2 protein chains.
Amino acid sequence: MTTSLVPTPVDVPCGLAAAVPTPPPGDERLARLSLNQATVKPRSLVQAVDSVLRAGLPSIGLWREHVAETGLERAARLVRSSGLRVSSYCRGGFLTGRDTRAALDDNRRALDEAAALGAPVLVMVLGGLPEGDRDLDGARERAFGALEELVPHAAAVGVRLGLEPLHPLFCADRAVLSTLGQALDVAERFEAEHVGVVVDTYHVWWDPQVREQIARAGRGGRITSFQVCDWVLPLPSDALLGRGMPGDGCIDLRALRRAVDGAGYTGDIEVEVFNAEVWAADPDDVVATMARRHVQHVLERG
Amino acid sequence: MTTSLVPTPVDVPCGLAAAVPTPPPGDERLARLSLNQATVKPRSLVQAVDSVLRAGLPSIGLWREHVAETGLERAARLVRSSGLRVSSYCRGGFLTGRDTRAALDDNRRALDEAAALGAPVLVMVLGGLPEGDRDLDGARERAFGALEELVPHAAAVGVRLGLEPLHPLFCADRAVLSTLGQALDVAERFEAEHVGVVVDTYHVWWDPQVREQIARAGRGGRITSFQVCDWVLPLPSDALLGRGMPGDGCIDLRALRRAVDGAGYTGDIEVEVFNAEVWAADPDDVVATMARRHVQHVLERG
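The written sequence of each chain sets the order in which its residues are numbered from 1. Numbering of ligands from 1 and lettering of chains from A proceed in the order in which they are written. A pLDDT threshold of at least 70 governs which residues receive local features in this predicted model, and a stricter bar of 80 or more applies before side-chain atom pairs are shown or counted, although totals over entire chains, interfaces and linings include all residues. Values shown for side chains rest on all heavy atoms present in the structure; no hydrogens or waters enter the calculation.

**Some remarks on the confidence of the model for chain A**
The quantity called pLDDT is the predictor's confidence in a given residue, expressed from 0 to 100. Taken residue by residue, chain A gives an average pLDDT of 96. The fraction at 70 or more is 98%. Overall fold confidence (pTM) sits at 0.96, and the ipTM for the predicted complex is 0.95.

Structure follows, in structure tokens:
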């Protein structure tokens, strides 16, 4: 019997001993892993980049609020000098209001920022029903119409719009786009080089059509991003924060990753976990847990 | 200017003055309205029947737990002597476990009870993922396989199985059947006289395919039940209790009722609201609010 002199790392936020060793920087199993900044939301861009570099991840997904806090030019310099890829820029959208002009202007600014940061895609969450409104079809049509106005700017700056269907749980207040099939119906109105879809395991795992729609998205070259997090129970009182660290819930993440890879997607795999307990943890521990869970629950078993 | 001597009734649980008069017993607008017992869950079957009769509703949806509390024979006599229709019997299902024999026996008993009560349909909630399980396809196939074993008994006792897709919010812990399209894919493996689907506004309102799937269900004669309640925000900490009194939320109930009627459904319209505030209210106030909201938000404007 041997004993280790290195203490076993602990996964966060569950507090249990890690089931696999942490892949070290340079490990090829990290080659596609990206930290989405939402997973370490309370940390600045500088702190997030530091954690990503220490862990040896090659990529980061950026958020507007953190970039604004840092300043766009400084953020762009920081990311460029880090050598990291930018997997995505979050986020645009919220185009369901009765007057979308201000939102469109804001989305154009977001596209400009994405271009300055070297992000290939602006993740789009289309918005929910306006307060007191029951006209879901109307909200959808307004958002889809607004997209038409936005696509020329996306094309001009060379950033794709990634339409993200959100779990139907969020249909009323956040995203009238609820399934991958529906997102593709909209995306296919435009050229694939300008508009694609985001596949987030949390939002699509329940969908009986998820495999055929991932395949359809792949055939059309429409998958702009693949985001991973888990469905954990019970849902917290703020449903927005109910997402789990990969492996802590009931989603077969490996099966979905296989489907996305099988559809021809070769891009980054972002971990995006909105969760107050994850936010409270040390960001280096968060990134190390992510890396271990990626090996354990997302990639093929070694 | 005239003043009324009759105090304006108050809607529950919102506490606001009613927007329309309460339709009196005999009013033809009540001709299809049914109280599902879940809406007055803390009340006994006797109390629920009393409230329904006082309000002049023609129909009631029964629950197994209330029937068991009353005793099956007494419940059957009570309902028969009341002259009420039984719109549905809730509920069977929970067939996703690794060993479904006990669940199947229980479902056969539920079918026998439904037959004794004169209920035309047993509402089926198929169950979620077993604890610690990530195999959603496996859970679905087990439930669909168990249905095959159950259909002969349903046919023998003359009670239809009504497959109820639940909002994807409940996929993990309650129902791996998540959309009307998926429910129809399963139902259509069997004769329409034995297996149909339940359309519940709360569960289907977000679905971009809802209209075409309601039409498909109608064409096949598959709509066994139409249940109405509303989506209200924020979701409560217990997501099971987040349903709203019709009109308190953001679902276009009238549009969905039109779709169901347009698909040829002529049966009862059940109000099924799981909501702790509704349960705390006086059941006569609950039924009166239901009746007013039915006029205001579900039927055509008079």
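**Some words on the relation of the copies chain B and chain A**
The copies were overlaid by least squares, fitting only the C-alpha atoms of residues that reach a pLDDT of 70 or more in each copy. Mapping chain B onto chain A is achieved by rotating through 180° and translating by 0.0 Å along the same axis, at an RMSD of 0.0 Å. One copy is carried onto the other by what is essentially a two-fold rotation axis. No C-alpha of chain B lies nearer the rotation axis than that of Ser-237 of chain B, which sits 2.2 Å from it. Of the residues that chain B buries at the interface, 100% are likewise interface residues in chain A, meaning the two copies contact each other through the same surface. Only heavy atoms matter for contacts: two residues are in contact if any of them lie within 4.5 Å across the pair.

**Structural notes on helix α6 (residues 180-187) of chain A**
Residue and element names in this part refer to chain A. Throughout this description, buried means an accessible area under 20% of the type-specific maximum (1.4 Å probe, protein chains only), exposed means over 50%, and partly exposed covers the range between. Note on conventions: DSSP H or I runs of at least 4 residues are helices, E runs of at least 2 residues are strands, and numbering of each starts at the N terminus. Taking burial as the measure, the eight residues of α6 include seven buried ones, the bulk of the element. All buried positions along α6 are accounted for by Leu-180, Gly-181, Gln-182, Ala-183, Leu-184, Val-186 and Ala-187. Turning to α6, the residues buried within the fold contact α5 (136-157), β5 (160-163), β6 (195-200) and α8 (210-219).

**So, the side chain of Glu-270 of chain A**
All names here are of chain A. With respect to the helices and strands, Glu-270 occurs in strand β10 (residues 269-271). Buried charge without a partner: Glu-270 forms no salt bridge, and the closest opposite charge is Arg-85, 9.7 Å away. Any pair of N or O atoms that falls within 3.5 Å is considered a polar contact. Within protein, one atom must be able to donate a hydrogen and the other to accept it, and sequence-neighbouring residues count only if both atoms are side-chain atoms. Within the local environment of Glu-270, its side chain forms a polar contact with the side chain of Ser-88, the two groups lying 2.5 Å apart. Here Gln-227 takes part through its side chain, which lies 2.9 Å from a polar atom of the side chain of Glu-270. Contacts of Glu-270, omitting those with residues within four sequence positions, involve Ser-34, Asn-36, Gly-61, Ser-87, Ser-88, Phe-226, Gln-227 and Val-228. In this count, Lys and Arg are taken as positive residues and Asp and Glu as negative ones, while His and the chain termini are left out. Criterion for a salt bridge: a side-chain nitrogen of Lys or Arg within 4 Å of a carboxyl oxygen of Asp or Glu.

**What to know about the sheet that holds strand β7 (residues 223-228) of chain B**
Think of a sheet as strands paired side by side through backbone hydrogen bonds, with each pair either parallel or antiparallel. All names here are of chain B. Read around the closed barrel, the eight strands follow the order β1-β2-β3-β4-β5-β6-β7-β10; overall the barrel is parallel. Mean inter-strand twist for the sheet, computed between neighbouring axes without regard to direction, equals 30°. Strand pairing is defined by DSSP finding a minimum of two bridges between the two strands. Alignment of strand β1 (residues 33-36) against strand β2 (residues 59-63), held across three bridges, turns out to be parallel. Each residue of the ladder has a partner; that of Asn-36, found in β2, is Gly-61. Across the face of the sheet, helix α9 (residues 253-262) comes into contact with β6 (195-200), β7 and β10 (269-271) while running at roughly 170° to β7. For helices, the fitted line uses only the C-alpha atoms of the stretch in contact; every axis is such a line through C-alpha atoms, and the angle between N-to-C directions lies from 0 to 180 degrees.

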